[in-house]
Amino acid sequence: MAKQYDVAVIGAGAAGMMCAAVAAQNGKRVVLIDHAVKLAEKIRISGGGRCNFTNINAAPQNYLSQNPHFCKSALSRYTAQDFLALVKKYRIAHHEKHKGQLFCNDSAEQIIAMLRAECELGGVEWRMPCKVAGVQKLESGFSIDTDGGELLVDSVVVATGGLSIPKIGATDLGYRIAKQFDLKLVETRPGLVPLTFDGPSWEPFVPLAGIALEVEVSTGSAKGKGSLRGHFREDLLFTHRGLSGPAILQISSYWQPGTPIVLDLLPEMDVAETLIGLKKTEKKQLGNVLAQWLPARLADGLLTANGFDPAARLPDMADAKLRKLGDAINRWSIVPTGSEGYRKAEVTLGGVDTRELSQQTMMANKVPGLYFIGETVDVTGWLGGYNFQWAWASGVAAGLAIANG
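All values derive from a computational prediction rather than experimental measurement. (Residues numbered from 1 in each chain as written. Predicted model: local features only at pLDDT ≥ 70, side-chain atom pairs only at ≥ 80, totals over all residues. Heavy atoms only, no water.)

1. Things to note about the side chain of N62
This is how the line gets drawn: In this text, helices come from DSSP runs of H or I with a minimum length of four residues, and strands from runs of E with a minimum of two, each type numbered from the N-terminal end. Contacts are assigned to residue pairs that have any heavy atoms within 4.5 Å of one another.
If you trace the backbone, N62 turns up in the loop between β3 (52-55) and β4 (63-64). Not counting residues up to four positions away in its chain, the partners in contact with N62 are N57, T380, G381, W382 and Y386.

2. Quick look at the domain arrangement of the chain
The criterion, for reference: Boundary definitions for the domains trace back to an automatic or database domain assignment. Joining two parts hides part of their accessible area as seen by a 1.4 Å probe, and the buried area is that hidden amount summed over both. By definition here, a salt bridge exists when the distance from a side-chain nitrogen of Lys or Arg to a carboxyl oxygen of Asp or Glu is within 4 Å. Contacts described as polar in this section are N or O atom pairs within 3.5 Å, which, within protein, must combine one atom able to donate a hydrogen with one able to accept it, while residues neighboring in sequence count only if both atoms come from side chains. For this classification, Asp, Glu, Lys and Arg are treated as charged, while Ala, Val, Leu, Ile, Met, Phe, Trp, Tyr, Cys and Pro are nonpolar and the rest, including Gly, are polar.
Entries for the chain in the domain assignment read domain 1 (5-189 + 347-404) and domain 2 (195-339). In this structure, domain 1 and domain 2 have C-alpha centres spaced 39 Å apart. Together domain 1 and domain 2 conceal approximately 850 Å² of surface at their shared face, both sides included; 49% is due to carbon and sulfur atoms. On the domain 1 side of the contact with domain 2, L64, R189 and L383 bury the most area, a combined 58% of that side's loss. Our count for the contact surface shared by domain 1 and domain 2 stands at 1 salt bridge. We note a salt bridge from K99 to E234, for which the minimum N-O separation is 3.6 Å. Remark: the boundary between domain 1 and domain 2 carries 6 residue pairs in polar contact (both at pLDDT 80 or more). Grouping the amino acids of the side of domain 1 that touches domain 2 by side-chain chemistry returns 4 nonpolar, 1 polar and 2 charged.

3. A few points about the sheet that holds strand β14 (residues 230-238)
Rule in force here: Here, strands pair whenever DSSP counts at least two bridges between them. For every element, the axis is a line fit to its C-alpha atoms; helices are fit only across the contacting stretch, and the angle between N-to-C directions ranges from 0 to 180 degrees.
Spatially, the 7 strands line up as an open sheet ordered β17-β16-β13-β14-β15-β12-β18, and their pairing is antiparallel. Edge positions in the sheet fall to β17 (332-334) and β18 (338-339), since each has one partner strand and no second. As defined by bridge partners, strand β13 (residues 212-219) adjoins β14 across 8 bridges and the pair is classed as antiparallel. For S218, the partnering residue across the bridge sits in β14 and is H231. Across the sheet, helix α11 (residues 319-330) touches β16 (261-264) and β17, and the angle it forms with β16 is around 110 degrees.

4. Section: the packing of aromatic side chains
The condition is simple: Only the six-membered ring of Trp is used, alongside the rings of Phe and Tyr, when aromatic pairs are assigned; centres must lie within 6.5 Å, and planes under 30 degrees apart are stacked while those over 60 apart are edge-to-face, with the rest tilted. For every residue, the accessible area obtained with a 1.4 Å probe (protein chains only) is divided by the maximum for its type, and the residue is called buried under 20%, exposed over 50%, and partly exposed between those limits. Only when the NZ of Lys or the CZ of Arg is both within 6 Å of the ring centre and within 35 degrees of the ring normal is a charge said to sit over the ring.
Scanning the model with the defined rule gives 15 aromatic pairs in all. Considering the side-chain rings of F197 and W202, the 4.5 Å spacing of their centres and the 15 degrees angle between planes classify their relative orientation as stacked. Judged by its relative accessible area of 2%, W202 is buried. Ring pairs connect the aromatic residues Y63, F232, Y254, W382 and Y386, which therefore count as one cluster. Its end group placed over the ring of F103, K97 keeps NZ or CZ at 4.8 Å from the ring centre. The ring of F308 has K321 sitting right over it, with the charged end atom 5.5 Å from the ring centre.

5. Quick word on the packing of helix α4 (residues 80-89) against helix α5 (residues 109-122)
Worth spelling out the cut-off: Working rule for angles: under 35 degrees goes down as roughly parallel, over 145 as roughly antiparallel, 65 to 115 as roughly perpendicular, anything else as oblique.
Running from amino to carboxyl end, α4 crosses α5 at an angle of 90 degrees, the nearest separation of the two axes being 11 Å. In terms of axis orientation, α4 runs roughly perpendicular to α5. Counted together, F83, L86, V87 and K89 of α4 and I111, M114 and E118 of α5 form the full contact between these two elements. In the contact of α4 with α5, the residues fall into 5 nonpolar, no polar and 2 charged.

6. Observations concerning the environment of S140
Looking at where S140 falls in the secondary structure, it is placed in the loop between β8 (132-137) and β9 (142-146). According to the relative accessible area criterion, S140 is exposed, its value standing at 61%. The sequence separation of S140 and L152 amounts to 12 residues, and the corresponding C-alpha distance is 9.6 Å.

Now the structure itself:
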């Protein structure tokens, strides 16, 4: 006999558990289904194992979407302060690390345990590990075919996440369900991901792997059609294959293949004017002068890559040459050849087109009872707790809509 529930939530990650808990605590019979053996691996590994569970500054401008207004409703109705109140209720010690980012003092496991406890409060039933083979629309409600038997439900919430980090179980199930019901998808690609550079142009920078510094990074144009302008001031890390660190992860979500990113390695300084001004008093070699402001290895590497001799004396340099060097440091324009892909991406850009969904309820406009939440949807946050806040907010929006339906 098929088991009957008011709602099935497919995917027991951040958004799925939040939605299941809210619907169940408001009186609905909820079944939560996930194919993984271990619960919420993406929460477990996030924030270096301490879970950057929200950002106190979370606002619509911190999200990318083809429909940027879509996220406003859910984010305004369930805020970072609301989630923080839940964290405090469970007495989870936490701290603000940087730019509004909130982390557990101890372990991401505390957030997983809290969400599980919230589900238990409502009597959520678990099917895990349990694979979903298909979802069918019936005259009334839906049939879900799983390897544990058929489930009959009034509503289905798809919270299956994106394609990032396949080794912990990411799949395209959510997108397949959307396609099956003829919902449009925004093309998916890796987001919050290191960028790579191939060929001879990157060779001079390979020995710089491991060097980190704060930079300003930008890409895109505010004017180009479909082009988004991104600008961040964060830490940059040189790797053997390219660039990483928070600055690059942030800009990667705005970067379009074939276009440059522009780096300012000394954002506090006009390098050319400073060097020209020092010529009268500074007798040092160029490499030694730059090493006052940049890591020495980086100073020498940049000089060599741009055709300068680190041993050349500053007073012997023509002003025009120093301006060229200033541009190479304050406005270093470089075209990535690609990214590290979903293997290293923290999120998936794109997904279910938000124009197919109600921004109040997250329900598909043309399929009553079918909801999409979290990373499955074309809403992607910045690095720093914003994606978790979208998971909580979209999960609550769907959970309440189902409860009140």
